[in-house]
Amino acid sequence: MPRDMFGDVANPTVKLGSQAWYTVPASIAAHVVLFAAVIIIPLMAADVLPTPPTMMAFVGTPPPPPPPPPPPPAPATAAPKSPTPVSNPNAAPVEAPKEIVPEAPAPPSVSTVGVPGGVEGGVPGGVVGGVVGGLPEAPPPPPPPSQPIRVGGNIKTPKKMRDVRPVYPPIAQSARVSGMVIIEATIGADGRVKDAKVLRSIPLLDQAALDAVKQWTFTPTLLNGVPVPVIMTVTVNFTLQ
């Protein structure tokens, strides 16, 4: 049994080199001829390739006829004639005059002959309708206002010339009352206080403040060089010691 199992291995029935020696070269030659036929024959048949159609991209309708020539220009209109220049009587003459006419005498001077409608005794060369003796003098400045003017703007605050300190009322000192009283004072043309009234009140101190302000004096306030009465605001301070 073992001999039969391994008999083909020990003595194979197919042996190498049993085919003829010319089989392989013949196979190679056949393949070369086949590849040559496949590659070379199409190259040799190039003259039978189909001819591509001619492109007709630029073939179209014929071009339109050229435009007609422009019409001839219209005849030029005659330029308007310039107006005949008007002769200037003051221009110099072109031709010599046939005769020379004497010039008219010059009109009389104003300084030697009077003017119609003038006034006797007027100045030579004066204006027609003038006033004898020249223009009147300028009117005097307006009188100063009778009513007091409030200080401000062109009206300067007058300077205090005399100051009187107020008397501190004993009742206000006992009550420990202090502060500032504001008073509106009317100052006459002579600089003296003519009237006074309280604007900001402290009841225990008002009368003492009014009595002190009425004794003050100021420099006169001038308007156009004339003293005038003015109205101004003053303050009186009360401070406990």
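Whatever comes next refers back to the structure up there.
Residues numbered from 1 in each chain as written. Predicted model: local features only at pLDDT ≥ 70, side-chain atom pairs only at ≥ 80, totals over all residues. Heavy atoms only, no water.

Participant: Teacher, can you tell me more about the nonpolar core here?
Facilitator: Soluble globular proteins: nonpolar side chains tend toward being buried together. Formed by 25 residues in total, the largest nonpolar core has its most connected members in Ile183, Leu205, Val213, Trp216 and Phe238. Among the secondary structure elements, those contributing two or more residues to this core are strand S3 (179–187), strand S4 (193–200), helix H5 (206–213) and strand S8 (230–238). Sort the elements by how many residues they give to this core and S8 lands first, with 5 residues. For Trp216, the contacting residues outside a window of four places in its chain are Lys160, Arg162, Asp163, Val164, Gly191, Arg192, Val193, Val234, Thr235 and Val236. (Core = buried A, V, L, I, M, F, W, Y, C linked by side-chain atoms within 4.5 Å. Buried < 20%, exposed > 50% of the residue type's maximum accessible area, 1.4 Å probe, protein only. Helix = DSSP H or I, 4+ residues; strand = E, 2+ residues; numbered from the N terminus. Contact = heavy atoms within 4.5 Å.)

Participant: How do you make sense of unusual backbone geometry when you look at a structure like this?
Facilitator: One can expect most non-glycine residues to show negative phi and most peptide bonds to be in trans. Even without a glycine there, the phi angle at Arg176 is positive, about 55°. Mapped onto the secondary structure, Arg176 falls in the loop between helix H4 (170–174) and S3. Residue Arg176 is classed as exposed on the basis of its relative accessible area of 58%. Look at Asn224: it is not a glycine, yet its phi comes out positive at around 55°. Checked against the element boundaries, Asn224 lands in the loop between strand S6 (221–223) and strand S7 (226–228). When its relative accessible area of 63% is taken as the criterion, Asn224 is described as exposed.

Participant: Which parts of the structure should I look at to understand H5?
Facilitator: Since there are 3.6 residues in each turn of an α-helix, residues three or four apart along the chain are aligned in direction. Within H5, 6 of the 8 residues are buried, which leaves the element mostly enclosed by the surrounding structure. Where H5 is buried, its residues contact S3, S4 and S8.

Participant: What is the right way to look at the side chain of Asp206 in this model?
Facilitator: Note that Asp206 resides in helix H5. Buried charge without a salt bridge: Asp206, with Arg200 as the nearest opposite-charge side chain at an N-O distance of 9.0 Å. At 2.3 Å, the side chain of Asp206 and the side chain of Ser201 are in polar contact. Apart from residues no more than four positions distant in its own chain, Asp206 is found in contact with Val181, Val198, Arg200 and Ser201. (Lys, Arg positive; Asp, Glu negative; His and termini not counted. Salt bridge = Lys/Arg side-chain N within 4 Å of Asp/Glu carboxyl O. Polar contact = N/O pair within 3.5 Å; in protein donor to acceptor, adjacent residues only side chain to side chain.)

Participant: How do you make sense of the environment of Asp211 when you look at a structure like this?
Facilitator: Structurally, the position occupied by Asp211 is in helix H5. For Asp211, a relative accessible area of 38% translates into the label partly exposed. Among the polar contacts made by the side chain of Asp211, one reaches the side chain of Gln207 at a distance of 2.9 Å.

Participant: Sorry, what's going on with the pairing of S4 here?
Facilitator: Here is the key point about a regular strand: its side chains alternate between the two faces of the sheet. With 6 bridges connecting them, S3 and S4 associate as antiparallel partners. Considered in S4, the bridge of Ile183 is made with Val198. Hairpin connection from S3 to S4: 5 residues lie between these consecutive antiparallel strands, with Gly191 at a positive phi of about 90°. (Pairing = 2+ DSSP bridges.)

Participant: Please clarify how the environment of Val213 should be interpreted in this entry.
Facilitator: For Val213, the position within the fold is in helix H5. By relative accessible area, which is 0% here, Val213 ends up buried. Between the C-alpha atom of Val213 and that of Val193, which follows or precedes it by 20 residues, the distance is 7.5 Å. If near-sequence neighbours (up to four positions away) are discounted, Val213 is found in contact with Ile183, Ala185, Val193, Ala196, Val234 and Val236.

Participant: I keep staring at the side chain of Thr217 and nothing clicks. Help me out?
Facilitator: Its location among the elements puts Thr217 in strand S5 (residues 217–218). In contact with Thr217, other than residues within four places in its own chain, are Lys159, Lys160, Met161, Arg162, Gly191 and Arg192.

Participant: When you look at the sheet that holds S4 in this model, what are you seeing that I'm missing?
Facilitator: To summarise the sheet geometry, strands pair through backbone hydrogen bonds and adopt either a parallel or an antiparallel arrangement. Spatial ordering of the open sheet is given by S1-S8-S3-S4, a layout of 4 strands whose pairing is mixed. Every other strand in the sheet has two partners, leaving strand S1 (149–150) and S4 as the edge strands with one partner each. Bridge count for S1 against S8 is 2 bridges, and the pairing is parallel. From the neighbouring strand, Arg150 faces S8, where its bridge partner is Ile231. Packing of H5 onto the sheet brings it into contact with S3, S4 and S8, and relative to S4 it is tilted by some 150°. (Axes fitted to C-alpha atoms, helices over the stretch in contact; angles between N-to-C directions.)

Participant: Looking at this model, I keep getting lost on the pattern of salt bridges. Mind explaining?
Facilitator: Close approach of charged atoms allows side chains of opposite charge to pair. What the rule picks out here adds up to 4 salt bridges. As a salt-bridge pair, Asp163 and Lys160 come within 3.5 Å of each other at their nearest N and O atoms. In this structure Lys160 comes out as partly exposed when scored by relative accessible area, which is 34%. Between Asp190 and Lys194 there is a salt bridge; the shortest N-O distance is 3.4 Å.

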